[in-house]
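# Descriptive structure summary
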Amino acid sequence: MLKKMLNIVILTPVLLAGVSFSAHAESKQIKPNIHLLTNEKAAKKVSEDIPEETTSRIPGELNKHSLGIGFGQTFLRSSLAENGNDKITAELYYNYSASYSFDFMANLHWNTHTYKDREAVTRGLALAIKGKGFQLDAFSPFVFGGFGFYYPSVTRHITASELATTRSQIVFGVNAGAGVELRLNSKVVVGAILHYHDPFDVRQEVGPTLQASYLKILLTALYTFN
């Protein structure tokens, strides 16, 4: 019995020393791992692994209104070309930036073209959706298309010596085109546009059906406001 008690007394300090040494070694092994996880290099690696917030492919301001003018050449086609001359015209443009890639665009025009004793009148309110493919700095090309309301008319010969004006009627029509624009600053945008208009035909009581399509090549300048 005495011998067993002596063995316990001798072995207890040895066991305690072993446990203490093992715990101390384990603490030494853990500390470097914690340091590696919290040092500057590890933090930088973690930040690089986190994906950056995605940005739109076309930077710009949203929900902005722009109003301006287009100035350039109008080329008449069909019945209009038979009764009027191509000429330089001016018209109004409105633009609303609905999103980073799409705008709403409206065009208002009223022009009179004459040829000898005849006359062709183009009147219309064209509405379209404008899509921007990409933007390089402040430069952006675009395409657009939509519908509109038109009120064309011509004064033409119904006999060799008699003139008559076609029947007046508001008709639906389509418009489409392409262009480029350059934003000079937060308020002013300049550009160029190719704009095609094709009102639906107007049937006449006397004479042939009125066909009134036309093409415009214009320089544009718009002022942006809230």
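These figures come from a predicted structure and were not determined experimentally.

## Observations regarding the overall build of the chain
Across its full length, the chain carries three helices and ten strands. A total of 226 residues make up the chain; the buried ones form 31% of that total. Across the chain, contacts joining residues at least 24 apart in sequence account for 62% of those joining residues at least 6 apart. Just so you have it, the chain exposes about 14,500 Å², and 65% of that area is on carbon and sulfur atoms.

## Details of the pairing of strand 2 (residues 87–97)
Note that strand 1 (residues 65–76) and strand 2 share ten bridges and pair antiparallel. By the bridge assignment, Ser66 is partnered in strand 2 with Asn95. Bridge analysis of strand 2 against strand 3 (residues 102–115) gives six bridges, and the strand direction is antiparallel. Residue pairing in the sheet places Asn95 in a bridge with Met105 of strand 3. Connecting the antiparallel pair strand 2 and strand 3 is a turn made up of four residues.

## Things to note about the packing of aromatic side chains
If you walk through the whole model with that rule in mind, you get five aromatic pairs. When the centroid spacing of 6.2 Å and the interplanar angle of 70° are considered together, the rings of Phe172 and Phe200 count as edge-to-face. Here the residue Phe172 occupies a position in strand 8 (residues 171–183), and Phe200 occupies one in the loop between strand 9 (188–199) and strand 10 (214–225), the gap between them amounting to 28 residues. Residue classification places Phe172 among the partly exposed residues on the basis of a relative accessible area of 34%. Taking the relative accessible area as the measure of exposure, Phe200 reaches 42% and is therefore partly exposed. Note that Lys130 overlies the ring of Phe142, its terminal NZ or CZ placed 4.6 Å from the centroid.

## Here we look at the side chain of Thr166
Tracing the chain through its elements places Thr166 in the loop between strand 7 (163–165) and strand 8. We classify Thr166 as buried; its relative accessible area is 6%. Apart from the residues within four sequence positions on either side, Thr166 is in contact with Ser153, Val154, Arg156, Gln204 and Leu210.

## A few points about the nonpolar core
What tends to happen in soluble globular proteins is that the nonpolar side chains get buried as a cluster. Ranked by size, the top nonpolar core spans eleven residues in total: Leu76, Leu80, Ala120, Ala126, Tyr150, Val154, Val171, Val202, Leu210, Ala212 and Tyr214. In this structure, Ala126 is in contact with Met105, Ala106, Asn107, Phe147, Gly148, Tyr150, Asn175, His195 and His197, ignoring residues within four places of it in sequence. Counting residues in each nonpolar core, the second largest holds eight residues, with Met105, Ala128, Phe142 and Leu222 among its members.

## So, the environment of Ile88
Position of Ile88 among the secondary structure elements: in strand 2. Residue Ile88 is classed as exposed on the basis of its relative accessible area of 51%. Between the C-alpha atom of Ile88 and that of Thr74, which follows or precedes it by 14 residues, the distance is 6.1 Å. Not counting residues up to four positions away in its chain, the partners in contact with Ile88 are Phe71, Gly72 and Gln73.

## Thoughts on unusual backbone geometry
Even without a glycine there, the phi angle at Asn63 is positive, about 55°. One can find Asn63 in the loop between helix 2 (40–49) and strand 1. Classification of Asn63 by relative accessible area gives partly exposed; the value is 45%. The backbone of Lys116 sits at a positive phi, close to 55°, despite the residue not being glycine. Mapped onto the secondary structure, Lys116 falls in the loop between strand 3 and strand 4 (118–132). Assessed through its relative accessible area of 71%, Lys116 is described here as exposed.

Rules used throughout
Residues numbered from 1 in each chain as written. Predicted model: local features only at pLDDT ≥ 70, side-chain atom pairs only at ≥ 80, totals over all residues. Heavy atoms only, no water. Helix = DSSP H or I, 4+ residues; strand = E, 2+ residues; numbered from the N terminus. Buried < 20%, exposed > 50% of the residue type's maximum accessible area, 1.4 Å probe, protein only. Contact = heavy atoms within 4.5 Å. Areas by Shrake-Rupley, 256 points an atom, 1.4 Å probe, with all protein chains shown as cover. Pairing = 2+ DSSP bridges. Phe/Tyr/Trp six-rings, centres within 6.5 Å; stacked < 30°, edge-to-face > 60°. Lys NZ or Arg CZ within 6 Å of the ring centre and 35° of its normal. Core = buried A, V, L, I, M, F, W, Y, C linked by side-chain atoms within 4.5 Å.

Honestly, it's all geometry; don't read function into it.
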